[in-house]
Amino acid sequence: MSIRKTSKTFLKRAGLIPIAVGTLTVGGSILALYPQASSAQSNNTSHLSNNASNYGYTGSYIYGSKTGGGSSNSAAITNLTLSASSIPLGKSLFLENCSSCHGTQAQGSSRAPNLQGLGAATVDFWVSTGRMPLADPTIQAVQKPSRFSRSQTLAIDAYVASLSSGGPLIPNVNLSLASESAGATLFSTNCAACHTITGAGDALASGVYAPSLSVATPTQIAEAIRTGPGNMPRFGPLTLSNQQVADLAKYVGYLQHPNDRGGIALGHVGPVTEGFVGILVGLGSIMLAGFWIGGKNK
């Protein structure tokens, strides 16, 4: 019996040796890998910092959103210069179509806000998208074909901008310098919550909605980002650089004409229409098959 107990004790102790060795080995491996993980994290931070420099920032850069200070990179966006010679035409158009609500000097009234100092980009967005002039004030102005030609719209912009300085200028977006992939990251972080990830728009609170981006031009996208029309927040140069605004405009352009190869677009509104088609086709086919089998049995 003593021999058996001795052998069992020996085997138990011997069995613990590989476990102890394995534990030390794993622990050593973790300790050996820890500096590499720190190095990888450092390299990733360096990569993000390089991206921040590419965007014209000196602050930190996280998930495509700027969190620190820095300067705006104007390489991807230039400002449109309005012609002073178009101011008389713009004044005439403004008095005929806008002054009944905004006043003859765009000073505002009980029916409409003051436009002085808001900048040409603000006026250009509302007029070029057909949201203004507004015949019947509603909870939210509806986008429609503009009443004015592009030259007439710019004349109105020039007149209002001449009344007072301030506000953003009309942007010209150079999409050739923009990154679609960077725009996708920025859009999912800053815009998809309201406009949906496909840019189809969605309902918000109190009868307000985020409009579809299906017909927005790059200039209108940049103007909306800088001016914050309606309930939309305003993103200044310290929040989104000009390069990032151009990236967003390019990605929105992709959303307007996405690559639907290999499938059916279904309006690009996601699982709602997909589920409807699944029920209609899938369950409908099963029901038809059931009726056919039942009819054959009769």
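Residues numbered from 1 in each chain as written. Predicted model: local features only at pLDDT ≥ 70, side-chain atom pairs only at ≥ 80, totals over all residues. Heavy atoms only, no water.

Novice: Whenever I open this one, the overall build of the chain confuses me. Can you help?
Specialist: From N to C terminus, the chain includes 10 helices and six strands. Each of the 298 residues in the chain was classed as buried or not, and the buried ones make up 30%. By sequence separation, contacts in the chain at least 24 residues apart represent 62% of the contacts at least 6 residues apart. (Helix = DSSP H or I, 4+ residues; strand = E, 2+ residues; numbered from the N terminus. Buried < 20%, exposed > 50% of the residue type's maximum accessible area, 1.4 Å probe, protein only. Contact = heavy atoms within 4.5 Å.)

Novice: Please clarify how the packing of aromatic side chains should be interpreted in this entry.
Specialist: Each aromatic ring pair is specified by the distance between its two centres and by the angle formed by the two planes. The final tally for this structure, using the stated rule, is four aromatic pairs. The rings of Phe-187, Tyr-251 and Tyr-254 are connected pair by pair, giving a single aromatic cluster. (Phe/Tyr/Trp six-rings, centres within 6.5 Å; stacked < 30°, edge-to-face > 60°.)

Novice: Quick question: what am I supposed to make of helix α2 (residues 87-97) here?
Specialist: Among the residues of α2, those classed as buried are Gly-90, Leu-93, Phe-94 and Asn-97. Buried residues of α2 fall within an arc of 100 degrees about the axis and therefore sit on the same side. For α2, the exposed residues set more than 90 degrees away from the buried face come down to Pro-88 and Glu-96. (Arc of directions from axis to C-beta.)

Novice: Which parts of the structure should I look at to understand the packing of α2 against helix α5 (residues 150-163)?
Specialist: Where α2 contacts α5, the axes come no closer than 7 Å and their chain directions differ by 95 degrees. On the basis of their axis angle, the class for α2 and α5 is roughly perpendicular. For the pair α2 and α5, contact is made by Ile-87, Leu-89, Gly-90, Lys-91, Leu-93 and Phe-94 and by Gln-152, Ala-155, Ile-156, Ala-158, Tyr-159, Val-160 and Ser-162, respectively. Here the contact of α2 with α5 is composed, by residue class, of nine nonpolar, three polar and one charged. (Axes fitted to C-alpha atoms, helices over the stretch in contact; angles between N-to-C directions. Parallel < 35°, antiparallel > 145°, perpendicular 65-115°, else oblique. Nonpolar A, V, L, I, M, F, W, Y, C, P; charged D, E, K, R; others polar.)

Novice: I tried to follow the pattern of salt bridges on my own but got confused; where do I start?
Specialist: Think of it this way: side chains of opposite charge can pair up when their charged atoms draw near. Considering all chains together, one arrives at one salt bridge under this definition. With a shortest N-O distance of 2.7 Å, Arg-150 and Asp-124 are connected by a salt bridge. Of the two residues, Arg-150 sits in helix α5 while Asp-124 sits in helix α4 (residues 120-128), which places them 26 residues apart along the sequence. Taking relative accessible area as the criterion, Arg-150 reaches 40% and is therefore assigned partly exposed. (Salt bridge = Lys/Arg side-chain N within 4 Å of Asp/Glu carboxyl O.)

Novice: Looking at this model, I keep getting lost on helix α8 (residues 218-227). Mind explaining?
Specialist: For an α-helix, 3.6 residues make a turn, and residues three or four places apart therefore share a direction. Burial runs high along α8: nine of the 10 residues are buried. On its buried face, α8 sits against α4, β4 (171-173) and α9 (242-256). One or two residues past the end of α8 sits Gly-228, with phi positive at roughly 65 degrees.

Novice: When you look at the packing of α8 against α9 in this model, what are you seeing that I'm missing?
Specialist: A pair of packed helices is captured by two measures, namely the crossing angle of their axes and the spacing between those axes. One way to put it is that α8 packs onto α9 with a least axis distance of 9 Å and a crossing angle of 130 degrees. For the element pair α8 / α9, the angle class is oblique. In this structure, α8 meets α9 at a crossing whose hand is right-handed. Contacts between α8 and α9 involve Pro-218, Ile-221, Ala-222, Ile-225 and Arg-226 on the former and, on the latter, Asn-242, Val-245, Leu-248, Ala-249 and Val-252. Looking at side-chain class alone, the contact of α8 with α9 contains eight nonpolar, one polar and one charged residues. (Left-handed = near helix turned anticlockwise from the far one by under 90°.)

Novice: What is the right way to look at the nonpolar core in this model?
Specialist: Looking at soluble globular proteins, one finds that nonpolar side chains tend to be buried together. Phe-187, Ile-221, Ile-225, Leu-240 and Leu-248 are the most contacted members of the largest nonpolar core, which totals 22 residues. For this core, the elements supplying multiple residues, two or more each, are α6 (180-190), α8 and α9. The next biggest cluster of nonpolar side chains, apart from the first, holds 11 residues, and it includes Phe-94, Ala-106, Ile-156 and Val-160. (Core = buried A, V, L, I, M, F, W, Y, C linked by side-chain atoms within 4.5 Å.)

Novice: Looking at this structure, I do not really get the side chain of Arg-131. What am I missing?
Specialist: Turning to its location among the elements, Arg-131 is positioned in the loop between α4 and α5. Glu-223 provides the closest opposite charge to the buried, salt-bridge-free Arg-131, at an N-O distance of 8.9 Å. Side-chain polar atoms of Arg-131 contact the side chain of Thr-129, separated by 3.1 Å. Aside from chain neighbours lying at most four places away, what touches Arg-131 is Phe-125, Trp-126, Ala-141, Val-142, Gln-143, Lys-144 and Pro-211. (Lys, Arg positive; Asp, Glu negative; His and termini not counted. Polar contact = N/O pair within 3.5 Å; in protein donor to acceptor, adjacent residues only side chain to side chain.)

Novice: Looking at this structure, how should I read the layout of surface pockets?
Specialist: Where empty space is left in the structure can be found by rolling a water-sized probe over the atoms. Taken as a whole, the second largest pocket spans an internal volume of roughly 180 Å³. Every residue lining the second largest pocket is counted, 12 residues in all, and those nearest its centre are Ile-77, Asn-79, Leu-169, Arg-226 and Asn-242. Elements that contribute at least two residues to the lining of the second largest pocket include exactly β3 (77-79) and α8. Class assignment of the residues belonging to the lining of the second largest pocket gives a composition of seven nonpolar, three polar and two charged. (1 Å grid on protein atoms, 1.4 Å probe; cavity = no way out; pocket = protein on both sides within 12 Å on 5 of 7 lines; lining within 4 Å. Points joined across faces, edges and corners; volume = space filled by probe spheres on them.)

Novice: It is not clear to me how the state of the cysteines should be interpreted in this structure. Could you clarify?
Specialist: By definition, a disulfide links the sulfur atoms of two cysteines through a covalent bond. Evaluation of the coordinates by the stated rule reveals zero disulfides. Cys-101 carries a free sulfur, and the closest cysteine sulfur to it, the one in Cys-98, is 8.7 Å from it. (Disulfide = S-S within 2.5 Å.)

Novice: Would you mind going over a nonpolar patch on the surface with me for this structure?
Specialist: Among the surface-exposed residues, Ile-279, Leu-283, Ile-286, Met-287 and Phe-291 lie close enough to one another that they form a single nonpolar patch of about 570 Å² accessible area. Within the element layout of this structure, Ile-279 appears in helix α10 (residues 271-297). (Patch = residues over 30% accessible without salt bridge, like charges linked within 9 Å, V, L, I, M, F, W, Y side chains within 5 Å. Areas by Shrake-Rupley, 256 points an atom, 1.4 Å probe, with all protein chains shown as cover.)

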